[in-house]
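# Notes for the structure review
One-letter residues, chain by chain:
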Amino acid sequence: MKSVKLIATNHAVPARVVTNDDLTAWLDTSDEWITTRTGIKQRHVSTGENTAALALAASRPALEAAGWDPESLDLIIVATMTPDDYMPSTAAQVQGALGASRAVAFDLSAACSGFVYALTVARQMLAAPGCRRALVIGAEVMSKVLDWQDRSTAVLFGDGAGAALLEATAEDHLWVSRLATFGDQGHDLTAGKTTVTAALPHPVSDLAPLTMDGRSTYRFATHQVPASIQDTLAAAGISPDEVDHYLLHQANARIVRQVAKRLDQPLEKFPLNIARYGNTAAASEPILLDEQIKAGAIKRGDLLVLSGFGGGLTTASIVMQY
Ligand code: ACO
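Residues numbered from 1 in each chain as written. Predicted model: local features only at pLDDT ≥ 70, side-chain atom pairs only at ≥ 80, totals over all residues. Heavy atoms only, no water.

### Topic: the domain arrangement of the chain
Partitioning the chain into domains gives domain 1 (3-169) and domain 2 (175-321). Residue-level contacts link 51 residues of domain 1 with 45 residues of domain 2. Summed over both partners, the interface of domain 1 with domain 2 comes to about 3,700 Å²; 64% of that surface belongs to carbon and sulfur atoms. Interface area lost by domain 1 to domain 2 is led by Cys112, Val116 and Tyr117, which between them contribute 17%. Within the residue set of the side of domain 1 that touches domain 2, elements represented by two or more residues are strand 1 (3-12), helix 2 (31-38), strand 3 (42-44), helix 5 (114-125), strand 6 (133-141), helix 6 (151-154) and strand 7 (159-169). Looking at the side of domain 1 that touches domain 2, the element that brings in the most residues is strand 1, giving 8 residues. Here the residues of the side of domain 1 that touches domain 2 sort into 24 nonpolar, 19 polar and 8 charged. (Domains from an automatic or database assignment. Contact = heavy atoms within 4.5 Å. Buried area = accessible area lost by both parts, 1.4 Å probe. Helix = DSSP H or I, 4+ residues; strand = E, 2+ residues; numbered from the N terminus. Nonpolar A, V, L, I, M, F, W, Y, C, P; charged D, E, K, R; others polar.)

Below is the structure:
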């Protein structure tokens, strides 16, 4: 095996749409504030479907499009920061529901960088003999970890899932990634903190909602995302000008514009769909990737950069040939 090839993609979102105006029913916010500060106009919000269900809804049509029997999968990775359960993993639930009985399945937690982390891990695992086909999913139900009364975070996120099928190939497909973790800054973005309080007759535990230092995260993203992309391109021996599409994590349209400026690349190379989905964390890049492929904007042979950042803190970039 020389490399891996991206065979098919798909995405799924809950049917319910919550607009910025809808949020003003209970939050002191406005469409104008949210639009100008973030580029978000609406987000999809679960009406009960959990992360594994969205992951499955994204995956099944991708498998059908590729003509792959779930039994032919060797590996399933679900990148998520919002699993259904601590145990079993979301990936194990997807594996069971698909009947992909030969596949090893596990979750990967790297917040919004999760999809690129998962692509990177899948690439390594597909290098092993006997491992040929992988299903890599980014899936989130962010709505269940939000404090819906906190206007500084509730307006930013949405739910969704994106799936990609990868296959080991003897062809020479460019596929280089760089991952980084900044654990000393982890306090800037947290969700689901568990606290265990010593009490009798047994400890009491609780889950805390998402918290974010918005300004600090903004600074982190506008500096570390360009650095991550530059590192990755240097490792691949590719110049920024040679890249056809930069698919960036959709956290804030202003961040995307800043990154384009720092890389000295035209904005047309940086598609945006944040207006319709908000920040769907690990699902953000596979949803954008799928939309761009289905719209015909991304064609076979194009050079793509996928780059994410988020909780951890983490960054992750990959340059690949589609
Ligand atoms: N509606 C109206 N006003 C608001 C809202 C809201 N929804 N939220 C905050 N405000 C107010 C604040 O209270 C503040 O008011 P004050 O000046 O009276 O104190 C004012 O708006 C400005 O607030 P800032 O936080 O300074 O606004 P800023 O321009 O920094 O934008 C934002 C905030 C959009 C969150 C920005 O900082 C940002 O995008 N940060 C990065 C977020 C990000 O990338 N997160 C990634 C998460 S990835 C993951 O792993 C989960």
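### Details of helix 3 (residues 51-66)
With 16 residues, helix 3 should reach 22 Å at 1.5 Å per residue; the first-to-last C-alpha distance of 23 Å fits that figure. Against strand 1, helix 4 (90-98), strand 6 and strand 7 lie the buried residues of helix 3. Where helix 3 terminates, the next one or two residues include glycine 67, which has phi positive at roughly 70°. (Expected span 1.5 Å × (residues − 1).)

### Re the sheet that holds strand 6
Read across the open sheet, the 5 strands follow the order 1-7-6-4-5; overall the sheet is mixed. Looking at strand neighbours, the two that pair on one side only are strand 1 and strand 5 (104-108), the edges of this open sheet. The sheet shows a mean angle of 20° between the axes of neighbouring strands, taken without regard to direction. Looking at chain direction, strand 4 (residues 75-79) and strand 5 are connected through 5 bridges and run parallel. Across the sheet, leucine 75 pairs through a bridge with valine 104, a residue of strand 5. With respect to the sheet, helix 4 is in contact with strand 4, strand 5 and strand 6, its orientation differing from that of strand 4 by roughly 135°. Packing of helix 5 onto the sheet brings it into contact with strand 1, strand 4, strand 5, strand 6 and strand 7, and relative to strand 4 it is tilted by some 160°. (Pairing = 2+ DSSP bridges. Axes fitted to C-alpha atoms, helices over the stretch in contact; angles between N-to-C directions.)

### Regarding the pattern of salt bridges
Scanning the entire structure with this criterion turns up 7 salt bridges. The closest approach of N and O atoms between aspartate 31 and lysine 41, which form a salt bridge, is 3.0 Å. Here the residue aspartate 31 occupies a position in helix 2, and lysine 41 occupies one in the loop between helix 2 and strand 3, the gap between them amounting to 10 residues. Looking at aspartate 31, the relative accessible area reads 24%, which means it is partly exposed. On the basis of relative accessibility, which here comes to 37%, the residue lysine 41 falls in the partly exposed class. We note a salt bridge from glutamate 291 to arginine 276, for which the minimum N-O separation is 3.0 Å. Within this pair, whereas glutamate 291 is found in helix 10 (residues 284-294), its partner arginine 276 is found in helix 9 (residues 274-277), the two being separated by 15 residues in sequence. The exposure class assigned to glutamate 291 is buried, which follows from its relative accessible area of 15%. Its relative accessible area of 37% is what places arginine 276 among the partly exposed residues. (Salt bridge = Lys/Arg side-chain N within 4 Å of Asp/Glu carboxyl O. Buried < 20%, exposed > 50% of the residue type's maximum accessible area, 1.4 Å probe, protein only.)

### As for unusual backbone geometry
Look at the link from methionine 87 to proline 88: it is a cis peptide, with omega at 0°. Its place among the elements puts proline 88 in the loop between strand 4 and helix 4. The amide bond that connects glycine 312 to the next residue, leucine 313, takes the cis arrangement and shows omega of -10°. With respect to the helices and strands, the residue leucine 313 is situated in the loop between strand 14 (303-310) and strand 15 (314-321). Positive phi outside glycine occurs at alanine 111, with the angle close to 50°.

### What to know about helix 5
Here helix 5 contains 12 residues, and its C-alpha end-to-end distance of 16 Å stays within 8% of the 16 Å for a straight helix at 1.5 Å per residue. In terms of burial, helix 5 is a largely internal element, 9 of the 12 residues being buried. When helix 5 is considered as a whole, its buried residues turn out to be Gly114, Phe115, Val116, Tyr117, Ala118, Leu119, Thr120, Ala122 and Arg123.

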